[in-house]
There are 2 protein chains.
Amino acid sequence: MKLKVEPLNPAAFAPFGEVISTATARDEYKINLGTTTRFHDISRVDVGDEGGIPIISIFRGTPRPMPIEIKMMERHPLGSQAFVPLSGQKFLIVVAEGSDTPALEDLRAFISDGTQGVTYAKNVWHHPLLALEPESDFLIVDRSGPGNNLNEIDLPMVDDTPVTLDWPQT
Amino acid sequence: MKLKVEPLNPAAFAPFGEVISTATARDEYKINLGTTTRFHDISRVDVGDEGGIPIISIFRGTPRPMPIEIKMMERHPLGSQAFVPLSGQKFLIVVAEGSDTPALEDLRAFISDGTQGVTYAKNVWHHPLLALEPESDFLIVDRSGPGNNLNEIDLPMVDDTPVTLDWPQT
């Protein structure tokens, strides 16, 4: 099965979390004597109420072999997780609606235009980072704290073949 | 008075907050089948305990006129504030030790190499964003919530002249 990759846009991504971009700010205003525009409150960092704290990390990603196979998904039951590209690089996003065992028909794939990041909402199935550059950095804002904040699940295959991503660059 | 700008480094910046870079991670390990390095827990997001939540915003900055005058400072008494450049751009940082009325001799100035962001700790005096590019974006992680989270103070002048920044580019 080939999964079609869509351009990332806030409406399509809404069931899975939030797009992080100047276009998705809840408010926008000038500060600092007019030298700065604040695109305010673009995305919320959800660390739940079980003693977690919000932390900032960096993921340095490298690409997967082509064609990109989607064989598993993960989710974070205790908090959200934000990914923001630090050098304007595009990246791929694969998510699924939030049942306990996502079916192949629940999968959606998106590509960021490089100015867009994403926040995966708490408990939303997503594929681990799918970077496209030889090496590129992403700022991560997620939760640190007690409890198990990672579930992983293997996806089914069709005729012993994993799902692959179908987008113009392949 | 001219304030000398130092290269940003974690030890010198420690009294004011945290440098955000792969070099300042509290831990570092491979994830995602070895395709990603996680530079883990670089900086904490402090939203205090007065009902605030952590939010992600974007600041689009433009430069100040040269020479850059440092006439005031601000601080956030209820939470930390992180700035991370989104296109590898350098920027200037001016901070002061945490008394209620920072003296001119308390001022320190730094320049990020463009791979470095900063988190200003709660209640640390800092100058508003000092961008250097014609227009550039910074990811901001700070606090939203009830209460007054902004103090501003005018700095003294010397012979009616404000402090200016002294660094090679001026």
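Residues numbered from 1 in each chain as written. Chains lettered and ligands numbered in written order. Predicted model: local features only at pLDDT ≥ 70, side-chain atom pairs only at ≥ 80, totals over all residues. Heavy atoms only, no water.

- Going by the annotation in an unreviewed UniProt entry, the name recorded for chain A is Ureidoglycolate hydrolase, with Thalassospira xiamenensis given as the source organism.
- If you open the UniProt record of chain A and go to Subunit (unreviewed entry), you find "Homodimer." (UniProt positions renumbered as here; feature names shortened; annotations may be inferred.)

## Focus on the sheet that holds strand E4 (residues 36-44) of chain A
Okay, so step 1: Spatially, E3(A)-E4(A)-E5(B)-E14(B)-E8(B)-E11(B)-E2(B) is the arrangement adopted by the seven strands of the open sheet, whose pairing is antiparallel. In this open sheet, the two strands that pair with only one neighbour each are strand E3 (27-31) of chain A together with strand E2 (17-20) of chain B. Sheet twist, expressed as the average angle between the axes of neighbouring strands with direction ignored, equals 20°.
Okay, so step 2: In this sheet, E4(A) lies alongside E3(A) in antiparallel orientation, the contact comprising five bridges. Each bridged residue has a counterpart across the sheet, and for A:Tyr29 the counterpart in E4(A) is A:Arg38. (Pairing = 2+ DSSP bridges. Helix = DSSP H or I, 4+ residues; strand = E, 2+ residues; numbered from the N terminus. Axes fitted to C-alpha atoms, helices over the stretch in contact; angles between N-to-C directions.)

## Brief notes about the relation of the copies chain A and chain B
Okay, so step 1: Here chain A sits on chain B after a turn of 180° about the axis and a move of 0.0 Å along it, with an RMSD of 0.0 Å. When the rotation and shift are considered jointly, the pair of chain copies conforms to a two-fold rotation axis.
Okay, so step 2: Of the interface residues in chain A, 100% have counterparts in chain B that sit at the interface too, so the contact is made through matching surfaces. (Least-squares fit on C-alpha atoms with pLDDT ≥ 70 in both. Contact = heavy atoms within 4.5 Å.)

## Remarks on the packing of aromatic side chains
Residue and element names in this part refer to chain A.
Okay, so step 1: The full count for this structure, using the stated rule, is 14 aromatic pairs over all chains.
Okay, so step 2: Consider the rings of Phe-83 and Tyr-120, whose centres lie 5.6 Å apart with planes at 70°: the pair is edge-to-face. Of this pair, Phe-83 sits in strand E8 (residues 81-85) while Tyr-120 sits in strand E11 (residues 117-120), placing them 37 residues apart in sequence.
Okay, so step 3: With a relative accessible area of 4%, Tyr-120 lands in the buried category. (Phe/Tyr/Trp six-rings, centres within 6.5 Å; stacked < 30°, edge-to-face > 60°. Buried < 20%, exposed > 50% of the residue type's maximum accessible area, 1.4 Å probe, protein only.)

## What to know about unusual backbone geometry
Okay, so step 1: A cis geometry characterises the amide bond from A:Met66 onward to A:Pro67, with omega recorded as -10°.
Okay, so step 2: Within the secondary structure, A:Pro67 sits in the loop between strand E5 (53-61) and strand E6 (69-70).
Okay, so step 3: One non-glycine residue, B:Asn123, lies in positive phi territory at about 75°.
Okay, so step 4: Mapped onto the elements, B:Asn123 comes out in the loop between strand E11 (117-120) and strand E12 (125-126).
Okay, so step 5: Among the residues examined, B:Asn123 registers a relative accessible area of 31% and is labelled partly exposed.

## Quick notes on empty space enclosed by the protein
Residue and element names in this part refer to chain B.
Okay, so step 1: Tallied over the entire structure, the rule returns one cavity of 30 Å³ or more.
Okay, so step 2: Estimated volume of the largest cavity: approximately 40 Å³.
Okay, so step 3: Around the largest cavity, the lining residues are Phe-83, Leu-92, Ile-93, Val-94, Tyr-120, His-127, Pro-128, Leu-129 and Leu-130.
Okay, so step 4: A per-element tally of the lining of the largest cavity places strand E9 (residues 91-96) first, with three residues. (1 Å grid on protein atoms, 1.4 Å probe; cavity = no way out; pocket = protein on both sides within 12 Å on 5 of 7 lines; lining within 4 Å. Points joined across faces, edges and corners; volume = space filled by probe spheres on them.)

## Regarding the sheet that holds strand E14 (residues 136-144) of chain A
Okay, so step 1: Across the sheet, seven strands lie side by side as E2(A)-E11(A)-E8(A)-E14(A)-E5(A)-E4(B)-E3(B); this open sheet has antiparallel pairing. The two strands at the open ends of the sheet, each matched to only one other strand, are strand E2 (17-20) of chain A together with strand E3 (27-31) of chain B. Across the sheet, the mean angle from the axis of one strand to that of its neighbour is 20°, orientation sign disregarded.
Okay, so step 2: Taken together, the four bridges between E8(A) and E14(A) define a ladder with antiparallel strand orientation. What sits directly across from A:Pro85, in E14(A), is A:Phe138.

## A look at the environment of B:Ala121
Residues and elements named next belong to chain B.
Okay, so step 1: Mapped onto the fold, Ala-121 is located in the loop between E11 and E12.
Okay, so step 2: Ala-121 sits in the partly exposed class, given a relative accessible area of 30%.
Okay, so step 3: Aside from chain neighbours lying at most four places away, what touches Ala-121 is Phe-16, Gly-17 and Ser-80.

## Remarks on the interface of chain A and chain B
Okay, so step 1: Taken residue by residue, the interface counts 42 residues in chain A and 42 residues in chain B.
Okay, so step 2: Contact between chain A and chain B buries roughly 3,400 Å² in total, counting both sides, with carbon and sulfur atoms accounting for 59%.
Okay, so step 3: Linking chain A with chain B are two salt bridges.
Okay, so step 4: Linking A:Asp142 and B:Arg38 is a salt bridge whose minimum nitrogen-to-oxygen distance equals 3.0 Å.
Okay, so step 5: At the junction of chain A and chain B, the tally comes to 18 residue pairs in polar contact (both at pLDDT 80 or more).
Okay, so step 6: Looking at the side of chain A that touches chain B, the elements with two or more residues in it are E4, E5, E8 and E14 of chain A.
Okay, so step 7: Grouping the constituent residues of the side of chain A that touches chain B by class yields 20 nonpolar, 15 polar and seven charged. (Buried area = accessible area lost by both parts, 1.4 Å probe. Salt bridge = Lys/Arg side-chain N within 4 Å of Asp/Glu carboxyl O. Polar contact = N/O pair within 3.5 Å; in protein donor to acceptor, adjacent residues only side chain to side chain. Nonpolar A, V, L, I, M, F, W, Y, C, P; charged D, E, K, R; others polar.)

## Overview of the environment of A:Ile153
Residues and elements named next belong to chain A.
Okay, so step 1: Position of Ile-153 relative to the elements: it lies in strand E15 (residues 151-154).
Okay, so step 2: Once the C-alpha coordinates of Ile-153 and Thr-101 are considered, the two residues, 52 residues apart in sequence, prove to be 7.6 Å apart.
Okay, so step 3: The contacts of Ile-153, once residues within four sequence positions are left out, are Lys-71, Met-72, Met-73, Asp-100, Thr-101, Pro-102 and Trp-125.

## As for the nonpolar core
Okay, so step 1: Formed by 24 residues in total, the largest nonpolar core has its most connected members in A:Ile56, A:Leu139, B:Ile56 and B:Leu139.
Okay, so step 2: Looking at this core, the elements that each hand over two or more residues are E4, E5, E8 and E14 of chain A together with strand E4 (36-44), strand E5 (53-61), strand E8 (81-85) and strand E14 (136-144) of chain B.
Okay, so step 3: Beyond its immediate chain neighbours, meaning those up to four positions away, B:Ile56 contacts A:Ile20, A:Asp41, A:Ile42, A:Ser43, A:Val45, A:Ala82, A:Thr119, A:Val141, B:Leu139, B:Ile140 and B:Val141. (Core = buried A, V, L, I, M, F, W, Y, C linked by side-chain atoms within 4.5 Å.)

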